[in-house]
Amino acid sequence: MKNKVENGLDFKEFFKAIYSYKFSILIITLLSVIVAFLFQYYQQNIYKAKAVLEIANAGQSVNLANGDILNSAFGNNFSNIKTEIEKIKSISVTKRALKKVDLAHEYYAYLEYRDSGSLSLIGKIKNIFGKYKKVDIYNDTPFKLEVKNGDDIPFIVKPIDKNRFRLIVKNAYSKNGDRFSYDSVHKYSENINNKYFSIKIIKLKEPLYKKYILLKNNPNTLAKNIVKGLNVLRTEQNSNAIKIEYEDTTPQRAQKYVNAVADAYIEQNIEFKTQEATKKLEFINKQLAQITGSLQESTGKLEDFQTKQNFVDANQKVNQLIKNSSSISSSLQQLKLQREILQSLYNQVKNGDDIDSIAIVGFDSKNSPLIDMITRLQQAIVERKSLLETYTIHHPEVIKYTRVINQLKRSISKTLQTSLRVLNKKIAYNQQLLQREDAELNSLPKKERIFSNLKRLFGK
């Protein structure tokens, strides 16, 4: 039994069975190869482009112990990578990017030549297959589509001669939701108006192919679809670099778009920083005016007192009392300044006044979620404003962001209230210390007491 193996399989019978189906196997194999070839031939190529951004100060905390109260109050020095990724994927950044790169208009051609008489035999065979192969002609479109009314409607254009073309629409939906079809001959650059659409097709050069498809996407629908297709992630787990990836049927357009997204994100951040810097400058000018006036008044009184009284500086004990009192007064002024800023932020959040560039004061970012909440609030406000350019307040997306904004404002208000209570306790404690120092200073002789008060106001 040479043709059998241990399990009893007869190879001779096996090959006889295969041989009897040789034609069926050959046909199936041939059909499989043809189907695979056709699938690959008609499948549009997809290209992926990427851009990399490095986020500055990512994960760094804000520490008021360094004394930079104004930066903490008006400049968000802390960047959370997840938050920055959400910013890049936001509708507002997407709309900015779409103003730089036209993804709204789509131009396609079926690769069947109008003039096929001069083609070789192989060329004519390709031309037959090309009749069903649709390709993106973003870089080489012979037409320009202008749409006043008719977003999301695929317009089929079949050139007739140098001046005319046949315009076809098959089972499309109008803006009002009506389903319609259209078939008519028009001239290039002619205004084509009816109850379903209003467009103009301008010829840029002589078209090579028999059939084209022109389409303009609705900007708002397009923005949402682009956001879904945009991939934004860290380059590595602990890296501050963010990678932006986008896929398209045209490599040049894909690369232009990821660059446009990066530029739009940077521009939006610059606008936020400009608003913050403007607020900071206004606040500094206000505080400088108050401090300058107080110093000038104290200087004048001190010099006048010394001149009139011919007063000699107090002893070492008095100087120490003055030094202690001045130090406590300085700390008290800083705490009051922090409280003023916190109260201002609280009022802004509560009243909803100019909170686009609101930021953090009085917290270490390692111990508080307030920075993240404020950043999310800013982004939600920007997103809602962007949506309101197109939709009403009753749109589901607008309602969603309104709820998010209200929830974040409540959470931020509670956190600020807690911080205000802590600051008030610190202020009360320092006021008690100052009262003790003042009590000792008040026990001094009249001239020394007046002189010490003037020196303390002057900061000596």
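Worth saying up front: this structure is predicted, and the values here are computed from it rather than measured.

### Some words on the packing of aromatic side chains
Then comes step 1: For the structure on display, the rule yields 10 aromatic pairs.
Then comes step 2: On the basis of an interplanar angle of 45 degrees and a centroid distance of 5.0 Å, the ring pair of Tyr113 and Tyr209 is categorised as tilted. Of this pair, Tyr113 sits in strand S2 (residues 105-113) while Tyr209 is found in strand S10 (residues 209-216), placing the two residues 96 residues apart along the sequence.
Then comes step 3: Judged by its relative accessible area of 33%, Tyr113 falls in the partly exposed class.
Then comes step 4: Ring geometry for Phe143 against Tyr188: centres 5.9 Å apart, planes inclined by 25 degrees, an arrangement best described as stacked.

### Describing the packing of helix H5 (residues 91-100) against helix H7 (residues 219-229)
Then comes step 1: Where H5 contacts H7, the two axes come as close as 10 Å, and the packing angle between them is 110 degrees. Classified by the interaxial angle, the pair formed by H5 and H7 is roughly perpendicular. Here the hand of the crossing between H5 and H7 comes out right-handed. Contacts between H5 and H7 involve Ile91, Thr94, Lys95 and Leu98 from the former and Asn220, Leu222, Ala223, Lys224, Ile226 and Val227 from the latter.
Then comes step 2: Across the contact of H5 with H7, the residue classes tally to 6 nonpolar, 2 polar and 2 charged.

### Regarding the pairing of S2
Then comes step 1: The buried fraction of S2 amounts to 7 of the 9 residues, a majority that puts the element mostly inside the structure.
Then comes step 2: The pairing of S2 with S10 spans 7 bridges and is antiparallel. Considered in S10, the bridge of His105 is made with Lys216.
Then comes step 3: In the sheet, S2 pairs with strand S3 (residues 134-136) via 3 bridges, with the strands oriented antiparallel.

### A closer look at the sheet that holds strand S12 (residues 241-248)
Strands pair in a sheet through their backbones, by hydrogen bonds, and they do so in one of two ways: parallel or antiparallel.
Then comes step 1: Strand order in the open sheet formed by 3 strands is S1-S12-S11, with antiparallel pairing between adjacent strands. Here the strands that pair on one side only, and so sit at the sheet edges, are strand S1 (47-54) and strand S11 (231-234). The mean angle between the axes of side-by-side strands here comes to 20 degrees, regardless of whether they run parallel or antiparallel.
Then comes step 2: Bridge analysis of S11 against S12 gives 4 bridges, and the strand direction is antiparallel. Across the sheet, the residue bridging to Leu233 is Lys243, located in S12.

Criteria and thresholds
- Residues numbered from 1 in each chain as written.
- Predicted model: local features only at pLDDT ≥ 70, side-chain atom pairs only at ≥ 80, totals over all residues.
- Heavy atoms only, no water.
- Phe/Tyr/Trp six-rings, centres within 6.5 Å; stacked < 30°, edge-to-face > 60°.
- Helix = DSSP H or I, 4+ residues; strand = E, 2+ residues; numbered from the N terminus.
- Buried < 20%, exposed > 50% of the residue type's maximum accessible area, 1.4 Å probe, protein only.
- Axes fitted to C-alpha atoms, helices over the stretch in contact; angles between N-to-C directions.
- Parallel < 35°, antiparallel > 145°, perpendicular 65-115°, else oblique.
- Left-handed = near helix turned anticlockwise from the far one by under 90°.
- Contact = heavy atoms within 4.5 Å.
- Nonpolar A, V, L, I, M, F, W, Y, C, P; charged D, E, K, R; others polar.
- Pairing = 2+ DSSP bridges.

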